[in-house]
Amino acid sequence: MATDYVSKQPVSGFEVNTTRSTVPTNVSMSEEMHGNDLEMKTMAIDESDGEPIKREQWGGKADFILSCIGFAVGLGNVWRFPYLCYKNGGGAFLIPYFICLIAGGVPVFFLEIALGQFMGEGGLGVWKICPLFQGIGVATTVIVFLLNIYYIIILAWDVYYLAESFTSVLPWSTCNNTWNSKMCTVSFAAQNYTNCSFSNESASVAENYLECGNYTKVDPVVEFWERRILQISDGVDDVGGVVWQLALSLLIVWLVVYFCIWKGVRWTGKVVWVTATFPYLVITILLVRGLTLDGAQDGIIFYLKPDFAKLATSQVWIDAGTQIFFSYAIALGAMTALGSYNKFNNDCYKDCIIIAVVNSATSLYAGFAIFSVLGFMAQEQGVDIDKVVASGPGLAFIAYPKAVTQMPIAPLWACLFFIMIVFLGLDSQFVGVEAFVTAMLDLFPKFLRKGYNREIFIAVYCFVSFLIGLVMVTNGGMYVFQLFDYYSASGMALLWVCFFECVAVAWIYGGARFYDDIESMIGYRVNLWLRICWTVLTPIMTVGILLFSFITFEPLKYNKTYVYPSGAQGAGMCMAFASMICIPMYAIIKLIITPGSFRERWNLATASAFTDQHLYNDKCLFFSTAFTPNNDSKASSSDGLLVFDAL
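Parameters at a glance
Residues numbered from 1 in each chain as written. Predicted model: local features only at pLDDT ≥ 70, side-chain atom pairs only at ≥ 80, totals over all residues. Heavy atoms only, no water. Phe/Tyr/Trp six-rings, centres within 6.5 Å; stacked < 30°, edge-to-face > 60°. Helix = DSSP H or I, 4+ residues; strand = E, 2+ residues; numbered from the N terminus. Buried < 20%, exposed > 50% of the residue type's maximum accessible area, 1.4 Å probe, protein only. pLDDT = per-residue confidence, 0-100. Contact = heavy atoms within 4.5 Å. Salt bridge = Lys/Arg side-chain N within 4 Å of Asp/Glu carboxyl O. Disulfide = S-S within 2.5 Å. Core = buried A, V, L, I, M, F, W, Y, C linked by side-chain atoms within 4.5 Å.

### Examining the packing of aromatic side chains
If you walk through the whole model with that rule in mind, you get 45 aromatic pairs. Taking the centre distance of 5.6 Å and the plane angle of 65 degrees together, the rings of Trp179 and Phe224 count as edge-to-face. Here Phe224 lies in helix H6 (residues 220–230) and Trp179 lies in the loop between helix H4 (135–164) and strand E5 (197–198), a separation of 45 residues in the sequence. Relative accessible area serves as the criterion here: at 0%, Phe224 is assigned to the buried category. Every member of this aromatic cluster is reached through a ring pair, and the members are Tyr150, Trp157, Tyr161, Trp172, Trp179, Phe224, Trp225, Phe397, Phe417, Phe418, Phe481 and Phe484.

Below is the structure:
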């Protein structure tokens, strides 16, 4: 049996005829009348009757906050932020960092979460708010797809380290292993460096560049990383074979990721209670131990003491801007996906403030732990701090493991440290996968949200990503990994997407209009600063950094010495442009296929489209809604899709 549900109310210049014919009797609805307003609060629909399936929501506010923290707070906070401080004059880097944070990072972070919550859809669907720029959703989906392939490789390295830690003596603490060379030495301090010279002034001591006569000394931590874990070849053109231990580790991590997300956000929201909180305990333990090491004070001073001369170089500002967009995980579609599972009236403004404070505070906090260890390593090796260790993964897989060897019961602390790295990376990984899956579910809801189709789709996606990732666990895999990291999901691609996000919302849809939408959700007006940033400051900042990046572009290098061949550089640029080109290409195609004059095409292409169960202007929760326009307004609707062109 079925009944009809009909209600008719005036809404913002429209006469609304909310009709749901032949609603099955197993549909449960609740409603509240507030004067002339109708609020449709819930709707549970049985999929067996062929009806749409109700979208999932978080089990609680804390699940959402911890998921955002888990994704945003990741390995970049542990290695990338400290390295950029280390590279750009210590404390001086904090000045451009916080300027970029306030003018770009937090405003765009809030925009994405609020947009996802308002539209109730993931990275692809949210841009129905400005259909001309739905290419943004395609671009973010491409970026997060590439990110999910290579980011998990870090976890594979870590799992291999973890497996090697279950021993009475850590294998990277001695030179008595089969992979060690004759250049391996446990203590640099025991050497006489009076007549030593640097063969490469820009390289690090710990990474095989300190020469005494013709004899190069190498720390066992470095040899373990390069000769045991990576088994690295001479270049990207020498891929070699698959390192089976890393391949097995990669498979294990993908299985864990699958079972973390296969049941949806309610399941994921419980997992992050562990994965997002445990790392703070271990970082604190390592910090306490690091502060007790000789030379730690020098490292902390280097971290905090600003070199203001660095501020005159454009690279410092470029690094600060890219770090903000990278560490806040924006332009990936992930934050819109997480926000889309919120209740419509959730106070996402306060949530974003909490998440932003925790994210940046974690970066600063991890910096103290890192630099206390770097100070110790510099004193042990008898060199300046800025010569101790190279960039990137070297900080996580050389500096920290070195610190662990100085602790009593070293294997125990090693296990804790690498479990922490697993947790830091794991929640970032499965939220990234969830972002891609959400985009696909919103694109094909009738198929993927039925039965076990979701679980099967995620399994296929994880397996395909695993197969592609195998190229990064070969002997030349580190070179491929760095190529992905440098081009596909950081730098210019993220800046490009952020620019168009601001243009689409603040200039095309309307910043004032979006402010009204936010007020309709949370019940009050947010700070005007955010709108100023979306409209002016953030677009200027992203374009400025992007232009500087192009002007100062240099070919990618590994460890500051190996220059990638032109073919590899070209492949990397193709990965970057694969996402960037989606935005202008989609807009051009949209305008071409839309009928009418150019003005009519523009009006139709920029008219916001809203779908089922969408609350607009705090008046009516539209569900397959049909509009009858009043004299001064016009609207059209078909198949539950509402197109506004008169607000």
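### Notes on the confidence of the model for the protein chain
Summary statistics for the protein chain give a mean pLDDT of 79 and a share of 79% for residues scoring 70 or more. Predicted confidence is poor over residues 1–50, with pLDDT under 50, and the contacts of this stretch with residues over four places away or in other chains come to 116 contacts. Across residues 190–214, where pLDDT falls below 50, the model places 54 contacts with residues more than four positions away in sequence or in other chains.

### Regarding the pattern of salt bridges
Scanning the model with the defined rule gives 7 salt bridges in all. For Lys61, the salt bridge identified is with Asp351, shortest N-O distance 3.2 Å. Note that Lys61 is positioned in helix H1 (residues 61–72) and Asp351 in helix H13 (residues 348–381), a separation of 290 residues in sequence. Note that Glu121 and Lys128 form a salt bridge whose closest N and O atoms lie 3.2 Å from each other. Take Glu121: its relative accessible area is 8%, and that puts it in the buried class. Of the residues examined, Lys128 reaches a relative accessible area of 21% and is grouped as partly exposed.

### Some points on the environment of Cys498
Assignment of secondary structure puts Cys498 in helix H19 (residues 492–522). Since its relative accessible area comes to 0%, Cys498 is described here as buried. Put simply, Cys498 and Val543 are 45 residues apart on the chain and 9.6 Å apart in space, counted from C-alpha to C-alpha. In this structure, Cys498 is in contact with Val108, Phe325, Ile330, Ala331 and Thr542, ignoring residues within four places of it in sequence.

### Digging into the environment of Tyr280
Structurally, the position occupied by Tyr280 is in helix H9 (residues 278–291). Since its relative accessible area comes to 25%, Tyr280 is described here as partly exposed. Leaving out residues up to four positions away in the same chain, Tyr280 has contacts with Ile69, Val73, Val358 and Thr362.

### Considerations on the state of the cysteines
Applying the stated rule across the entire model yields 1 disulfide. The residue that forms a disulfide with Cys175 is Cys184, at a sulfur-sulfur distance of 1.9 Å. Looking down the S-S bond of the Cys175 and Cys184 bridge, the torsion is -70 degrees, so its handedness is left-handed.

### Considering the nonpolar core
Core analysis: the biggest nonpolar cluster contains 200 residues, and Phe110 and Trp157 have the highest contact counts within it. In terms of residue count, the dominant contributor to this core is helix H15 (residues 410–443) (20 residues). Apart from the residues within four sequence positions on either side, Phe110 is in contact with Cys348, Tyr349, Cys352, Ile518, Val526, Leu530 and Trp534.

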